[in-house]
Amino acid sequence: MYAPLQNDSFLRACLRQPTDHTPVWLMRQAGRYLPEYRATRAQAGSFMGLATNTGYATEVTLQPLERYSLDAAILFSDILTIPDAMGLGLSFAMGEGPKFERAVRDEAAVAQLAVPDMNKLRYVFDAVTSIRKALNGRVPLIGFSGSPWTLACYMVEGAGSDDYRLVKTMMYSRPDLMHRILSVNADAVALYLNTQIEAGAQAVMVFDSWGGVLADGAFQEFSLAYTQRVLKQLKREHDGQRIPHIVFTKGGGLWLEEMAALEPDVLGLDWTVNLKSARARVGSRVALQGNLDPNVLFANPDQIRAEVTKTLESFGAPGPVGSNGTVDSHIFNLGHGISQHTPPESVTALVDAVHEVSRRLRQPA
């Protein structure tokens, strides 16, 4: 059904197999920093008009690959499609973040929650299949979802939040309600990602964007446990191909060992984590992904190259292949999503530097 993969470096790195360079992709690589994206969004009329139209979603997913030698594509969608399919009414006002018409803040609202019918998310799966075909084997396609905890934050707050007061109030005062929300979310996320895999996604990523706002102890109970519930249900193979699982918790550096114990294939790191230290802590168990500060991309090309080099040297060369055929593995990425104000030419400097410098680091001394 699909063309053979021409560049499998990202998938190989996810599975800790040797590669001749460090693969690179960027969170939010298809987005507002690209003028061609802004033009397509204007045609679509709104963010959801863009995300729910198969042709537009395919077009914007491929736009960064036309400009840059990236090693993976990531589905253009939003982390909040699941609660939208639950009937909460997702909308995006121009220049503002996502908002829900109906927040989940009491027993009655929680009792109504259920894993949504995946047919309500057919536009996502149609986009996955369309993108996979349009890629024509150029690079692999990553599918994704928000984590159960991150979805719950938006569902209870009704929008983004600075202090997470409403969701944390529920968590501490009515943990029974919070666990009910998280249980439904976890099962919905697992089904959603498995359906993306069936539609053509070659790797899947769980974005625990707000796990880092939790206290130690609360993180394990309300975020980590439900990420584990997702991972336990995820397909590890499809059509004879291994499907890597990636987990990224922004602000999660304190808990790397506990996250690695969930046995994802890849752990994403934000820019507060030292890569050398992370490799020493968990790098023989999982591949690591990250973790350049996105604001580096506002520097000049020479400074970008210098910071890319520091990041690659911090992780170091992959080292010898082990008896099981694996190496310590790194996938280059930012420590969070690319800023909408990023100059597009800065991404060229980053991607080119990752490929050139990582190849040099693999040369024998």
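For every chain, the first residue of its written sequence is number 1, and the numbers climb from 1 along that sequence. Selection of residues for local features in this predicted model requires a pLDDT of at least 70, selection of side-chain atom pairs for listing and counting requires 80 or more, and totals for whole chains, interfaces and linings are taken over all residues. To obtain the side-chain values, all non-hydrogen atoms of the structure were included, while hydrogens and water were left out.

Draft legend 1. A look at the overall build of the protein. Helix and strand assignments follow DSSP, with helices taken as H or I runs no shorter than four residues and strands as E runs no shorter than two, numbered in order from the N terminus. The helix and strand tally for the protein stands at 15 helices and 11 strands. At 20 Å, the protein has a C-alpha radius of gyration in line with the 21 Å of a compact globule built from 365 residues. With the model as given, the accessible surface of the protein reaches about 14,700 Å², and the carbon-plus-sulfur share is 48%. Charge assignment in this entry is limited to Lys and Arg as positive and Asp and Glu as negative, and neither His nor the chain termini are counted. To locate a charge, the coordinates of NZ of Lys, CZ of Arg, CG of Asp or CD of Glu are taken. The distance from the centre of the 34 positive side-chain charges to the centre of the 38 negative ones in the protein is 2 Å. We compute the radius of gyration from the C-alpha atoms alone; for a globule the expected value is 2.2 Å times N to the 0.38, where N is the number of residues. Only the protein chains shown count as cover for residues, with accessible areas throughout obtained via the Shrake-Rupley method and a probe of 1.4 Å.

Draft legend 2. Region of interest: helix 7 (residues 122-135). Take the residue count of a helix, subtract one, and multiply by 1.5 Å to get its expected span. With 14 residues, helix 7 should reach 20 Å at 1.5 Å per residue; the first-to-last C-alpha distance of 20 Å fits that figure. Among all positions in helix 7, only Tyr123, Val124, Phe125, Ala127, Val128, Thr129, Ile131, Arg132 and Leu135 are buried. The contact criterion used is simple: two residues touch if any of their non-hydrogen atoms lie within 4.5 Å. Considering only its buried residues, helix 7 is in contact with helix 3 (47-51), helix 4 (54-67), strand 1 (73-74), helix 5 (81-88), strand 4 (141-146) and helix 10 (175-199). Among the residues trailing helix 7, Asn136 stands out with phi positive, at a value near 55°. Remark: exposure states derive from per-residue accessible area (1.4 Å probe, protein chains only) relative to the maximum for the residue type, with buried under 20%, exposed over 50%, and partly exposed in between.

Draft legend 3. Summary view of the pattern of salt bridges. Any carboxyl oxygen of Asp or Glu that lies within 4 Å of a side-chain nitrogen of Lys or Arg is treated as forming a salt bridge with it. Applying the stated criterion to the full structure yields 13 salt bridges. Between Asp176 and Arg174 there is a salt bridge, with the nearest N and O atoms lying 2.7 Å from each other. Since its relative accessible area comes to 44%, Asp176 is described here as partly exposed. According to the relative accessible area criterion, Arg174 is partly exposed, its value standing at 29%. When the shortest N-O distance is used, the salt bridge between Arg229 and Asp187 registers 2.9 Å. Highlighted residues: Arg229 in helix 11 (residues 218-233) and Asp187 in helix 10, separated in sequence by 42 residues. For Asp187, a relative accessible area of 24% gives the class partly exposed. Sharing partners across several salt bridges, the network here consists of Glu107, Arg174 and Asp176.

Draft legend 4. Summary view of empty space enclosed by the protein. Every definition here rests on a 1 Å grid over the protein atoms only: cavities are sets of points where a 1.4 Å probe fits but cannot get out, pockets are open sets enclosed by protein on both sides within 12 Å along at least five of seven lines, and lining residues have some atom within 4 Å of a point. Grid points are joined across faces, edges and corners, and a volume is the space filled by probe spheres set on the points. Per the counting criterion, the structure on display carries two cavities of 30 Å³ or more. The computed volume of the largest cavity comes to approximately 80 Å³. If you go around the largest cavity, the residues you meet are Thr22, Leu312, Phe315, Gly316, Ala317, Pro318, Asp328, His330, Ser358, Leu361 and Arg362. Of all the secondary-structure elements, those providing two or more residues to the lining of the largest cavity are helix 14 (301-315) and helix 15 (344-361). Counted by class, the lining of the largest cavity contains five nonpolar, four polar and two charged residues. Estimates place the volume of the second largest cavity at around 40 Å³. Side-chain classes follow a simple rule in which Ala, Val, Leu, Ile, Met, Phe, Trp, Tyr, Cys and Pro form the nonpolar group, Asp, Glu, Lys and Arg form the charged group, and the remainder, Gly included, forms the polar group.

Draft legend 5. Region of the structure containing the nonpolar core. Residues Phe10, Met178 and Leu350 are the most contacted members of the largest nonpolar core, which totals 130 residues. Top contributing element to this core by residue count: helix 10, with 13 residues. Not counting the four nearest positions on each side in its chain, Phe10 is found in contact with Pro23, Trp25, Asp71, Ala72, Pro140, Ile142, Ala203, Ile246, Gln289 and Ile331. Here, nonpolar core means buried Ala, Val, Leu, Ile, Met, Phe, Trp, Tyr and Cys residues that are tied together by side-chain atoms lying within 4.5 Å of each other.

Draft legend 6. Geometry of the packing of helix 8 (residues 148-157) against helix 10. Fitting a line to C-alpha atoms yields each axis, with helices limited to the stretch in contact; the angle taken between N-to-C directions then spans 0 to 180 degrees. Two elements in contact, helix 8 and helix 10, have axes whose closest approach is 9 Å; the angle formed by their N-to-C orientations is 125°. One finds that helix 8 runs oblique with respect to helix 10. Of the two possible hands of crossing, helix 8 and helix 10 adopt the one that is right-handed. Along the contact surface, helix 8 presents Pro148, Trp149, Leu151, Ala152, Met155 and Val156, while helix 10 presents Met178, Ile181, Leu182, Asn185, Ala186 and Val189. Looking at the contact of helix 8 with helix 10 residue by residue, the classes come out as 11 nonpolar, one polar and no charged. Put simply, angles under 35 degrees are roughly parallel, angles over 145 are roughly antiparallel, angles from 65 to 115 are roughly perpendicular, and the rest are oblique. In this scheme, a crossing is called left-handed if the near helix is turned counterclockwise away from the far one by less than a right angle; it is called right-handed if the turn is clockwise.

Draft legend 7. View of the packing of helix 5 against helix 10. Relative to each other, helix 5 and helix 10 sit at 115°, their axes nearing to 10 Å. For the crossing formed where helix 5 meets helix 10, the hand is right-handed. Between helix 5 and helix 10, the contacting residues are Thr81, Ile82 and Met86 on the first element and Val184, Asn185, Ala188, Val189 and Tyr192 on the second. Among the residues forming the contact of helix 5 with helix 10, the class breakdown is six nonpolar, two polar and no charged.

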